[in-house]
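These are the residues of each chain, in order.
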Amino acid sequence: MAFIPDSEEQVTRYSRHILLPEVGGKGQKKIGQARVLIVGAGGLGSPAAFYLAAAGVGTIGLIDGDVVDLSNLQRQVIHQTADIGRPKVESARARILALNPNVAVETHYTRLTAENALDIIGRYDIVLDGVDNFPAKFLINDACFFAQKPLVHGGILRFDGRVFTILPGKSACYRCVFKQPPPPGLVASCQEAGVIGALAGIIGTIQATEVLKLILDRGRLLTDRLLDYDARLTRFREIKVSRNPKCPLCGDQPEITQLFEHEPEVCAVKTA
Amino acid sequence: MQVTINGKPEEVGGETILEILKAKDISPQMVAVELNSKILERDELAGTVVKNGDAIELLFFMGGGR
Ligand SMILES: [Zn+2]
């Protein structure tokens, strides 16, 4: 547990949270008891992990099967130059613990798959999507539906970002809006398209804020609305969505009754 | 005909959603389309006639995260 209310160190560390009426000592205790899974220790996962760790989230799970690559460092700020070649989950764990040793970090040095998703996601309260490809985003959406876990979805591409919070069975899911991934090659993911690095920080920290609101049960979540950010124009836009009765996952006549993985995208350049 | 596309007023030539997408050179597989806050099925795009003042959202995929 990351928060012991009678510890002076803890009260001081989290004082700017405890001062908030929406948090207080009670809320900080909730944060300390929370278990959050971050899928992908990359562009979105980096800022999210930093802020959730700083906030005192009791347990942070990290799942990522990749090692740090030089091309990651333009935006994946939890990793450093000396980490190149090191598993991302290890590098991220070291940085989290350096920031806040009270956090328990659980690392899963593997890709999320249809086989392991329910087991891993089932161990956490809230899931944060920080993956870089469509098949994984759909898998996370489906797994969170079957496991009934709140999901904070995030996506970035070039100068555009999006955040969307999903309460499975209660609010619109990713498939309510996007039935299935685009055909391979038609839409670029940031693996092949490029992305402005600081955008990952903006979107990842909005995701972290949504996670804290979920833990605290305070404020109005980004459910049933997509928050789209255009960094070129410095403009946020909200798009209302709702549960789709024809959703293949959470609709009235679901076609998806178990986990599966969509075909992986064929990438010309693999730089993630 | 005047409609709103992604929050911006636009003059469009087409009658149906599919015609508007075609005029913009957007493949229907690349977007989710919302008309007046309701998601349209892909097979509804050709048969959905747009009226003056309609609000259309073209939601593009945003796949990155790493
Ligand atoms: Zn759904």
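Let me begin by describing the structure that accompanies this report.

Quick notes on the rules
Residues numbered from 1 in each chain as written. Chains lettered and ligands numbered in written order. Predicted model: local features only at pLDDT ≥ 70, side-chain atom pairs only at ≥ 80, totals over all residues. Heavy atoms only, no water. Salt bridge = Lys/Arg side-chain N within 4 Å of Asp/Glu carboxyl O. Helix = DSSP H or I, 4+ residues; strand = E, 2+ residues; numbered from the N terminus. Buried < 20%, exposed > 50% of the residue type's maximum accessible area, 1.4 Å probe, protein only. Pairing = 2+ DSSP bridges. Axes fitted to C-alpha atoms, helices over the stretch in contact; angles between N-to-C directions. Contact = heavy atoms within 4.5 Å. Parallel < 35°, antiparallel > 145°, perpendicular 65-115°, else oblique. Left-handed = near helix turned anticlockwise from the far one by under 90°. Nonpolar A, V, L, I, M, F, W, Y, C, P; charged D, E, K, R; others polar. Polar contact = N/O pair within 3.5 Å; in protein donor to acceptor, adjacent residues only side chain to side chain. 1 Å grid on protein atoms, 1.4 Å probe; cavity = no way out; pocket = protein on both sides within 12 Å on 5 of 7 lines; lining within 4 Å. Points joined across faces, edges and corners; volume = space filled by probe spheres on them. Donors = N, O, S within 2.8 Å, 3.2 Å for Na, K, Ca; no water. Tetrahedral: all angles 85-135°; square planar, octahedral: opposite > 155°, others 65-115°. Expected span 1.5 Å × (residues − 1).

### Topic: the pattern of salt bridges
Residues and elements named next belong to chain A.
At step 1: On inspection of all chains with the given rule, the structure shows 17 salt bridges over all chains.
At step 2: The salt bridge partner of Arg225 is Glu238, with a shortest N-O separation of 3.0 Å. Within this pair, whereas Arg225 is found in strand β7 (residues 225-230), its partner Glu238 is found in strand β8 (residues 235-240), the two being separated by 13 residues in sequence.
At step 3: The class for Glu238 is partly exposed, based on a relative accessible area of 36%.

### Quick word on the sheet that holds strand β3 (residues 104-108) of chain A
Residues and elements named next belong to chain A.
At step 1: Here eight strands make up an open sheet; going across it, the order is β3-β2-β1-β4-β5-β6-β7-β8 and the pairing mixed. Whereas interior strands pair on both sides, the edge strands pair on one side only; in this sheet they are β3 and β8. Each neighbouring strand pair of the sheet contributes to a mean axis angle of 15°, computed without reference to strand direction.
At step 2: Bridge count for strand β6 (residues 160-166) against β7 is four bridges, and the pairing is antiparallel. Along β7, the bridge assignment pairs Asp160 with Asp230.
At step 3: Contacts from helix α5 (residues 88-99) reach β2 (59-63) and β3, with the element oriented near 175° to β3.

### Structural notes on the packing of helix α3 (residues 24-33) of chain A against helix α10 (residues 197-216) of chain A
Residue and element names in this part refer to chain A.
At step 1: Orientation of α3 relative to α10, taken along the N-to-C sense of each, is 110°, at an axis distance of 9 Å. Relative to α10, the element α3 is oriented roughly perpendicular. For the crossing formed where α3 meets α10, the hand is right-handed. Two secondary-structure elements touch here, α3 through Gly27, Lys30 and Ile31 and α10 through Leu212, Ile215 and Leu216.
At step 2: Among the residues making up the contact of α3 with α10, the classes are represented as four nonpolar, one polar and one charged.

### Considerations on the interface of chain B and chain A
At step 1: On the chain A side, the residues contacting the 21 residues of chain B number 45 residues.
At step 2: Where chain B touches chain A, the interface holds three salt bridges.
At step 3: Of the charged contacts, one joins Glu41 of chain B and Lys179 of chain A as a salt bridge, the two residues approaching to 2.2 Å between their closest N and O atoms.
At step 4: If you look at where chain B meets chain A, you find five residue pairs in polar contact (both at pLDDT 80 or more).
At step 5: For the side of chain B that touches chain A, the secondary structure elements donating two or more residues are β3 (31-35) and β5 (55-60) of chain B.
At step 6: Here the side of chain B that touches chain A takes three residues from β5 of chain B, the largest share from any one element.
At step 7: Class assignment of the residues belonging to the side of chain B that touches chain A gives a composition of seven nonpolar, eight polar and six charged.

### Side note on the layout of surface pockets
At step 1: Of the volumes computed, that of the largest pocket is approximately 710 Å³.
At step 2: Around the largest pocket, the lining is made up of 27 residues, and of these Asp160 and Asp230 of chain A together with Asn6, Leu58 and Phe60 of chain B lie nearest the centre.
At step 3: Every element with two or more residues in the lining of the largest pocket is listed here: β6, β7 and β8 of chain A together with β2 (8-11) and β5 of chain B.
At step 4: Its residues placed into classes, the lining of the largest pocket shows 14 nonpolar, two polar and eleven charged.

### What about the coordination of the zinc ion?
Residues and elements named next belong to chain A.
At step 1: Only Cys173 (SG), Cys176 (SG), Cys247 (SG) and Cys250 (SG) from the protein coordinate the zinc ion, and they sit 2.3 Å from it.
At step 2: In this structure, the zinc ion is surrounded by four donor atoms whose angles at the metal cover 93 to 119°, and the resulting shape is tetrahedral.
At step 3: One chain supplies every donor for the zinc ion, spaced along it as C-x2-C-x70-C-x2-C. Placement of Cys173 in the loop between β6 and α8 (174-177) and of Cys247 in the segment after β8 is noted, with a sequence separation of 74 residues between them. This pair shows no difference in class: Cys173 is buried, exactly as Cys247 is.

### Re helix α7 (residues 134-147) of chain A
Along an α-helix, residues three or four apart share an orientation, since each turn contains 3.6 residues.
Residue and element names in this part refer to chain A.
At step 1: Between its first and last C-alpha, α7 extends 20 Å over 14 residues, near the 20 Å set by a 1.5 Å rise per residue.
At step 2: With twelve of 14 residues buried, α7 lies mostly within the body of the structure.
At step 3: Where α7 begins, the side chain of Asn133 points an oxygen toward the backbone nitrogen of Ala136, at a separation of 3.0 Å.
At step 4: Once α7 finishes, Gln148 follows within two positions and takes phi at roughly 55°, a positive value.

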